[in-house]
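These are the residues of each chain, in order.
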Amino acid sequence: MPIPEGGISVEPFPFQQFVVKIASRCDLACDHCYIYRSADQGWRSQPAVMSAATMDHTAERIAEHAAAHALPQVGVVLHGGEPLLAGPGRIRHFVRRVREAADAVATRVDVRLQTNAVRLTGAHLDLFDELGVRVGVSLDGDAEAHDRHRVDARGRGSHAAVAKGLRLLSARPALFGGLLCTVDLANDPVSTYEALLPYSPPRVDFLLPHGNWTRPPPGREAGSAATPYGDWLTAVFDRWYCAPRRETGVRLFEEIVNVLLGGVSRREDVGLGPTRYVTVDTDGAIGRSDILKSAYQGAADTGLNVGAHPFDAALPAARLLSPACRACRIVRVCGGGLHPHRYRAGEGFDNPSVYCPDLFRLISHIRCRLTADLAGLRAAP
C-alpha cells in the first residue's frame, strides 16, 4: 500500500524517553563522535555540567509530561558528553529528584546511564545499585577496532580502560544495560561481534556512523548502489541468527524482525512510528534528536527550555517521507532511515537515507531468512 503524500500523519505521541545531558564535556576525543566532530558545535557554549536547579526543572517537567499523558512508565538516559564527569553527587541528586517527582504522579522511571566506561569504578556501580540505574557502555570491538577511533585527547587508545570497567560491570549483570558498537567497515563484522560477547552483554546495539548526503559516512559514496554497510550488518545478522543458542540480543535485528512480523518498532530508525524521545542539554534547552547535530548548526534546536516550557511544546506531529521512500516496498520497515541521515545541504531532509541501499540489502536479507524459516515450519509434519 503506497504511503500518502507528505508521509505519515500522526497524533502527537507523548515522549517516553528523556535523554538528559548531565555533562557536556567528554574525557575522550573519538573521531566519529556526533557531538564534538559534527557540524553543530553548540556544546562549546553549554555549561560543563547541569546545575541542581536545571536538574530540578527537568525532573518536574518529566513528571508534568507523564501526568498529562497518564504514562505509567518513562525512561531517562543520563548522557553527555561523558555523564560520569558530572560526579556522584549530581547523579544522585538528579535520580532522586526525578523519581520523587514521578512518584507523585504514579509514574515509574527506568533510569539508565550511557558511558564510555573509562572512569567506571566499583564505587560508581555501588551508587548505581543504590539508585537502581542500569549502565550501557560504548565498545567498538577488540582493542585494534576500538582504539582506531575511541582515543583520548593525546591520541591514546581507551580499550584497556574500557575493558577494565566492563569486567566490573559484567560481574554485576543486574546493572548491565548493554553495549553500543559503531560500525566500522575496516573491522571484520563477525570478529567485531564476537569480541563483544565475552562481556556477556544482555543486548548489543549496532550504530551506523552518522553522515548524510552532503557529508557521507566513511566508505558510503553518496548515490552509489553499493551496499558496504548492508553487507557488514548482514554478516553479523547471520552469525547472530544462526547461533545454536541465544548469546545476546541485537536491537536493530530484533526490531526489523518485529516489524516484518507485524509488530510496532520501538526504535527511531526502524518502522514508521514517531520519535518518542527528547533531549535536555546542560543549560536546560529542549532539543530534538541530538543526532541532528551531524547535519548543520542548530538542526536539533527547538528554542524551548525546561525552565519555561513543557515538553508538550516539542511534540512532533508527523513523520515526513520523501517521494522515493513513499513508493518503496520496504518503507514500512526502514521508515525512511534515520531523519539526520536524509539531509542534503540546500534541500533539507526530503530525501531517502544516505544508507538507503544498505538498509534495503539488510532488510531484504532478513525478510528472506524469515520467509524461508516460516515456510519450513508450515511444511513440517
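Reading the values: the criteria
- Residues numbered from 1 in each chain as written.
- Predicted model: local features only at pLDDT ≥ 70, side-chain atom pairs only at ≥ 80, totals over all residues.
- Heavy atoms only, no water.
- Helix = DSSP H or I, 4+ residues; strand = E, 2+ residues; numbered from the N terminus.
- Expected span 1.5 Å × (residues − 1).
- Buried < 20%, exposed > 50% of the residue type's maximum accessible area, 1.4 Å probe, protein only.
- Contact = heavy atoms within 4.5 Å.
- Phe/Tyr/Trp six-rings, centres within 6.5 Å; stacked < 30°, edge-to-face > 60°.
- Axes fitted to C-alpha atoms, helices over the stretch in contact; angles between N-to-C directions.
- Parallel < 35°, antiparallel > 145°, perpendicular 65-115°, else oblique.
- Left-handed = near helix turned anticlockwise from the far one by under 90°.
- Core = buried A, V, L, I, M, F, W, Y, C linked by side-chain atoms within 4.5 Å.
- Pairing = 2+ DSSP bridges.
- Right-handed = clockwise from strand over helix to strand, strands pointing away.

Observations regarding helix H7 (residues 228-241)
Okay, so step 1: Counted at 1.5 Å a residue, the expected span for H7 with its 14 residues is 20 Å, and the 20 Å between its end C-alpha atoms agrees.
Okay, so step 2: Residues of H7 that are buried: Tyr229, Gly230, Trp232, Leu233, Thr234, Val236, Phe237 and Trp240.
Okay, so step 3: In this structure, the buried side of H7 is in contact with helix H6 (189-196), strand E7 (203-207), strand E8 (249-250), helix H8 (251-260) and helix H11 (356-379).

A short note on the packing of aromatic side chains
Okay, so step 1: Under the criterion given, the structure shown has 11 aromatic pairs.
Okay, so step 2: Where Trp240 meets Phe253, the ring centres are 5.6 Å apart and the plane angle is 45°; that geometry is what we call tilted. Here Trp240, found in helix H7, pairs with Phe253, found in helix H8; they are 13 residues apart in sequence, far enough to count as distant.
Okay, so step 3: Taken together through their ring pairs, the aromatic side chains of Phe237, Trp240, Tyr241 and Phe253 make up a single cluster.

Some points on the packing of helix H1 (residues 52-68) against helix H2 (residues 88-103)
Okay, so step 1: One can describe the packing of H1 onto H2 by two numbers: an axis separation of 8 Å at closest approach and a directional angle of 25°. When the axes of H1 and H2 are compared, the pair comes out roughly parallel. Handedness of the H1/H2 crossing: right-handed. Along its contact with H1, which presents Ala52, Met55, Asp56, Thr58, Ala59, Glu60, Ile62 and Ala63, the element H2 presents Arg90, His93, Phe94, Arg97, Val98, Ala101 and Ala102.

Considerations on the nonpolar core
Okay, so step 1: By size, the foremost hydrophobic cluster in this structure holds 84 residues, and its most contacted members are Val76, Ile91, Phe128, Phe206 and Phe253.
Okay, so step 2: Once residues within four sequence positions are removed from consideration, Val76 is found in contact with Phe18, Val20, Ile62, Phe94, Val98, Val109, Asp110, Val111 and Arg112.
Okay, so step 3: With nine residues, the next largest nonpolar core counts Ile35, Val77, Tyr277 and Leu338 among its residues.

Here's the deal with the pairing of strand E3 (residues 73-79)
Okay, so step 1: Counting buried positions along E3 gives six out of seven residues, so the element sits mostly inside the fold.
Okay, so step 2: Sheet analysis places strand E2 (residues 17-21) next to E3, joined by five bridges and oriented parallel. Counterpart to Lys21 in the pairing with E3 is His79.
Okay, so step 3: Handedness of the crossover joining E2 and E3 through H1 is recorded here as right-handed.
Okay, so step 4: Here E3 runs beside strand E4 (residues 108-115); their pairing, made up of six bridges, is parallel.

Shape descriptors only; they carry no functional weight alone.
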